[in-house]
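# Examining the three-dimensional arrangement
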Amino acid sequence: MGRFLWRVLALAVAGVMLAGPTLTGAQERGITPTEVVLGSSMPLSGPAAYWGAVGKGIDAYVKYVNDQGGIHGRKLRFVLRDDSYLPPRAVANVRELVERAGVFAIVGLIGTANAFAVRDYIVQNRVIWITPTADSSIWAGFRQKRYLFVTYPSYVHEGAILTRYAAEKLGVKNVAVFYQNDLYGQKGLLGVKRAVAALKGAVKLVSAVPYELVVTDLSSHALKLRESGADAVILYATPRHGALIVREMAKIGYRPRLLASFTLTDPIMFTLAGEAWDDVYLTAFFPLPGTDPKVDETLQILFRYDPTLRANPFNSVAGVAFLEPFLEGLRRAGRDLTTDRFISAMETIRNWDGQVIRGVTFGPDRRQGINRIYIVRAEKGRYTKLTDWIEYPVEF
Amino acid sequence: MAALALQYALNGLATGSLYVLVALGIVILYRTSRILNFAHGDVATFGTFVAFTLITRLGVAPPLAYLVTLGVTGFLGAGFYYFILRRAKEATLLGQIVITLGFALVLNGIVVVLWGADTKVFPSLLSETKVYHLGTIVISQLSLGSLLVGFLLMALLYVLVQSTKVGLAMRAVSQNPLAAQTLGIPTRRVLALSWGVASALGVSAGILLAPVTLLDPFMMLDPFLKGFAAAVLGGMDSPPGAVVGGLALGVVESLFGGFVSVAFKATLAFAIIVLVLTIRPEGLFGREYKKRV
């Protein structure tokens, strides 16, 4: 008798599970009449936890959008998972987000290696993917990009632009690169190498010094850079390692010109590196906090929803820059939201300005939302804009 | 060239002295309880954050803050042994080691929740940018200071272990816990004390490191692994071995980074672990490895 009951129960459960998808068949994953679910996987612990503020920034802004009434009557729900910057955990997280949490879209996802690890899964499962924070040149030539929309710069082009600027405007003859020994740093280095080759002898790459993310003793790295005799050092590092290396260089009396990736435009650099962070040339892909009223206003909103973000303004506002095009797509897609309608709506975005990100363009064949950066100088705790937008080719 | 090598060696010595402090903590615990304490780095990180809060938020004078921190962290380590590890009576040695791993994760989580994951500047009494020149060789005031404090702490530990009654009890417990207990030595309290001393050593390494490497919840990850490598190199149950191992590791690593490959500098410590375990498993100064019966 007991066994019979069990069978009935099992059948009933199976029936419900089978009927589930058909009952809601009209609905797509992650969309209900009242809700849109989005998710992300980011380092909230581990040595890269600092970048988790991107996720917290997104979370705070989502709350703000919801308090404004959501979009077309739907509230957003943001599901954030911690991957400690480890690709295997990113894979597990994304599977969970898609299969259990049932997200409509993934926003962000930090780390070039992590993005690589989940790329095929996301593509195969037709999940909308907005701006993985990974070197955007990895998408060049990538065919299955229907569900992908990216407003993140390319480290390769950035490295080349920085090198060209150093050679042409700052009169640098010998350049060295201090880089993180993973795809992030390597792509930057690649850009520097390309520019050095293109400039035909005007500037030489005299040394490339890598570091590992967990290492904190950079004394030999600094000595190596000094011994190379470079008159400029380009940094592809985390804020912490960027600060450590310039301090170590200052300590041994080596003061080359400093240029750095936009990842180091975080104002925390002025605190971490102190006086050593002066007269540094950086790039930016959106107006930096403190230089633009709309960006500052957005920051104030974020701080209101999550005061802990005050420690990390650049990353949290970058989170908004990644999220914004998605929100615009939702607005344009209208009340009857489906994946296809959303994609069509995204493809109508032309030279669009958000609160933070500016000049975003997508199209039926275009998924690279931005293809321009500009150069700033960090000086005594402030940024000065030095150039207009510098464009690079659209590649995907 | 020679001056450059000397500069690398000096940098290595300054880093190595901090590896020593970490390694000593690991060795003390291994000697007394045969436990490899995976929470060593996180206990130190927790303590360093306590010092950070005392100095920057509560305005406590740094010397006093250091002392309070040593005490707090010592109690944290001792408390972990007394209230958690000791209660796991049924656990095998491996099980106990896994408990320390769990404790490490818990502590790390607490640090992230309480203080956040962003990087912080840890104030120091000594300047990092003020440097002393010796010909072409430079050493910052801070590095010199940590080197000296490191050696001072090593000396203090030596005195504690070799010339005090408590130290004698510690040595007795590490040699034969059962016999020590029979002779009336309060083994549990001695063990708790060892955990306290080891944790205090760890946090002093943290306090000396933080101004240089900046403070974040994962700052002790690398120093812990290096300290572990140093302990293996010197012999897991030999404090003098930890001192030699730590200094040697610091210097060799720095020279290797300077003249061979800076990309593989971080890997060198692990290559050394493998090499030592293959050729001389007891380490440079360890007693010949015998299975305890």
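Not measured: the values here are computed from a predicted model. (Residues numbered from 1 in each chain as written. Chains lettered and ligands numbered in written order. Predicted model: local features only at pLDDT ≥ 70, side-chain atom pairs only at ≥ 80, totals over all residues.)

Moving on to the overall build of chain B. A tally of helices and strands in chain B yields 11 helices and 2 strands. Secondary structure elements of chain B, listed N to C terminal, follow the sequence α-α-α-α-β-β-α-α-α-α-α-α-α. Against the compact-globule benchmark of 19 Å for 293 residues, chain B has a radius of gyration of 19 Å, which places it among compact chains. Across the 293 residues that make up chain B, the buried fraction comes to 51%. Nonlocal contacts in chain B, meaning residues at least 24 apart in sequence, comprise 73% of its contacts between residues at least 6 apart. (Helix = DSSP H or I, 4+ residues; strand = E, 2+ residues; numbered from the N terminus. Rg over C-alpha atoms; globule rule 2.2 N^0.38 Å. Buried ≥ 20, exposed ≤ 12 C-beta atoms within 10 Å, placed from the backbone. Contact = placed C-beta atoms within 7 Å.)

Right, let's talk about the overall build of chain A for a bit. A count of helices and strands for chain A gives 12 helices and 14 strands. For chain A, whose C-alpha radius of gyration is 23 Å, the value lies close to the compact-globule estimate of 21 Å for 396 residues. By its C-alpha atoms, chain A is 85 × 45 × 40 Å across when sized along the principal axes. Looking at chain A as a whole, 54% of its 396 residues qualify as buried.

Before going further, it helps to spend a moment on the nonpolar core. Buried together is how nonpolar side chains tend to be arranged in soluble globular proteins. Within the largest apolar cluster, 218 residues are counted, with the highest numbers of intra-cluster contacts made by Ala-105, Ile-106, Phe-178, Ile-234 and Leu-235 of chain A together with Val-20 and Ala-23 of chain B. Among the elements that line this core, the one with the most residues is helix α8 (residues 187-213) of chain B, at 16 residues. The two domains that each donate at least three residues to this core are domain 1 (31-153 + 292-365) and domain 2 (155-284 + 376-391) of chain A. Beyond its immediate chain neighbours, meaning those up to four positions away, Leu-235 of chain A contacts Phe-178, Gly-242, Ile-245, Leu-258, Ala-260, Ser-261 and Leu-264 of chain A. (Core = buried A, V, L, I, M, F, W, Y, C linked by C-beta atoms within 7 Å. Domains from an automatic or database assignment.)

Quite often, the size of an interface is put as the accessible area lost when its parts meet. Residue and element names in this part refer to chain A. The domain architecture assigned to chain A consists of domain 1 (31-153 + 292-365) and domain 2 (155-284 + 376-391). Just the C-alpha atoms count here: the centres of domain 1 and domain 2 sit 28 Å apart. Contacts between the two partners involve 12 residues from domain 1, matched on the other side by 16 residues from domain 2. Of all elements in the fold, only α4 (112-124) and α11 (313-333) reach the threshold of two or more residues within the side of domain 1 that touches domain 2.

One rule of thumb: low pLDDT means the predicted coordinates there are not for detailed reading. Confidence in the prediction for chain A averages 90 pLDDT; 93% of positions are at 70 or higher. The secondary-structure element of chain A with the lowest mean pLDDT is helix α1 (residues 2-23) of chain A, recorded at 57, while strand β9 (residues 232-236) of chain A shows the highest, at 97. (pLDDT = per-residue confidence, 0-100.)

Attention now goes to the interface of chain A and chain B. Opposite the 35 residues of chain A that make contact, chain B presents 31 residues. At the level of secondary structure, the elements contributing two or more residues to the side of chain A that touches chain B comprise β8 (204-211), α7 (219-228), α8 (239-251) and α9 (268-273) of chain A. The greatest single-element share of the side of chain A that touches chain B, amounting to 7 residues, is contributed by α8 of chain A. Grouping the constituent residues of the side of chain A that touches chain B by class yields 16 nonpolar, 12 polar and 7 charged. (Nonpolar A, V, L, I, M, F, W, Y, C, P; charged D, E, K, R; others polar.)

Now for unusual backbone geometry. Residue and element names in this part refer to chain A. The backbone of Tyr-85 sits at a positive phi, close to 70°, despite the residue not being glycine. Relative to the assigned elements, Tyr-85 resides in the loop between β3 (75-82) and α3 (87-99). Classification of Tyr-85 by C-beta neighbours within 10 Å gives buried; the count is 24.

Glancing now at the packing of helix α2 (residues 53-67) of chain A against helix α10 (residues 293-305) of chain A. Residue and element names in this part refer to chain A. Where α2 contacts α10, the axes come no closer than 9 Å and their chain directions differ by 90°. Of the possible angle classes, the one that applies to α2 and α10 is roughly perpendicular. On the side of α2, the interface is formed by Gly-57, Ala-60, Tyr-61, Lys-63 and Tyr-64, while α10 contributes Ile-301, Leu-302 and Tyr-305. A breakdown of the residues in the contact of α2 with α10 according to their chemical character gives 6 nonpolar, 1 polar and 1 charged. (Axes fitted to C-alpha atoms, helices over the stretch in contact; angles between N-to-C directions. Parallel < 35°, antiparallel > 145°, perpendicular 65-115°, else oblique.)

Looking along a regular strand, one sees side chains alternate from face to face of the sheet. Residue and element names in this part refer to chain A. Both strand β12 (residues 372-379) and strand β13 (residues 382-385) contribute to a ladder of 4 bridges, which runs antiparallel. Its bridge partner being in β13, Val-376 is matched across the sheet by Lys-385. What sits between β12 and β13 in their antiparallel hairpin is a turn of 2 residues, with Lys-380 showing a positive phi close to 45°. (Pairing = 2+ DSSP bridges.)

Let us look at the pairing of β12 of chain A. Residue and element names in this part refer to chain A. Sheet topology places strand β11 (residues 280-284) next to β12; 5 bridges connect them, and they run antiparallel. Within β12, the position partnered with Ala-284 by the bridge is Tyr-374. In the sheet, β12 pairs with strand β14 (residues 390-391) via 2 bridges, with the strands oriented antiparallel. Its bridge partner lying in β14, Ile-373 is registered against Ile-390.

The next thing to look at is helix α2 (residues 40-57) of chain B. Because each turn of an α-helix spans 3.6 residues, side chains separated by three or four positions end up pointing in the same direction. Its 18 residues give α2 of chain B an end-to-end C-alpha distance of 25 Å, which sits within 8% of 26 Å, the value for a rise of 1.5 Å per residue. For α2 of chain B, a buried count of 14 out of 18 residues is recorded, marking the element as mostly surrounded by other parts of the structure. (Expected span 1.5 Å × (residues − 1).)

All names here are of chain A. Helix length check: α4, at 13 residues, gives a terminal C-alpha distance of 19 Å against a target of 18 Å (1.5 Å per residue), a fit within 8%. Those residues of α4 lying buried are Thr-112, Asn-114, Ala-115, Val-118, Arg-119 and Ile-122. Residue Arg-126 follows α4 closely and has a positive phi angle near 50°.

All names here are of chain B. Summing up the model confidence of chain B, the mean pLDDT is 89 and the portion of residues at 70 or higher is 98%. Considering each helix and strand of chain B separately, the mean pLDDT is smallest for strand β1 (residues 131-134), with a value of 84, and largest for α2, with 95. Quick note on the complex model: pTM equals 0.85, ipTM equals 0.83.

A word on the environment of Gly-359 of chain A. Residues and elements named next belong to chain A. With respect to the element layout, Gly-359 can be found in the loop between α12 (339-346) and β12. According to the C-beta neighbour criterion, Gly-359 is partly exposed, with 18 such atoms within 10 Å. Note: C-alpha distance between Gly-359 and Ala-232 (127 residues apart in sequence) is 31 Å. Not counting chain neighbours up to four residues away, the residues in contact with Gly-359 comprise Asn-351, Asp-353, Ile-370 and Arg-372.

Residue and element names in this part refer to chain A. Running from amino to carboxyl end, helix α5 (residues 155-169) crosses helix α6 (residues 183-198) at an angle of 45°, the nearest separation of the two axes being 7 Å. If you check the angle between α5 and α6, you find them oblique. The handedness of the crossing between α5 and α6 is right-handed. Touching Tyr-155, Val-156, His-157, Glu-158, Gly-159, Ala-160, Thr-163 and Arg-164 of α5 are Tyr-184, Lys-187, Gly-188, Leu-189, Leu-190, Gly-191, Val-192, Arg-194, Ala-195 and Val-196, all from α6. Taken together, the residues of the contact of α5 with α6 break down into 9 nonpolar, 5 polar and 4 charged. (Left-handed = near helix turned anticlockwise from the far one by under 90°.)

With respect to the helices and strands, Ser-219 of chain A occurs in helix α7. Once the C-alpha coordinates of Ser-219 of chain A and Pro-132 of chain A are considered, the two residues, 87 residues apart in sequence, prove to be 33 Å apart. If near-sequence neighbours (up to four positions away) are discounted, Ser-219 of chain A is found in contact with Glu-248 of chain A together with Asn-11 and Ser-254 of chain B.

On to the environment of Ala-321 of chain A, then. Residues and elements named next belong to chain A. Relative to the elements of secondary structure, Ala-321 occurs in helix α11. Sequence-wise, Ala-321 and Phe-286 are 35 residues apart; in three dimensions their C-alpha atoms are separated by 7.9 Å. Once you skip the residues sitting within four places of it in the chain, Ala-321 turns out to touch Thr-151, Phe-286, Val-356 and Ile-357.

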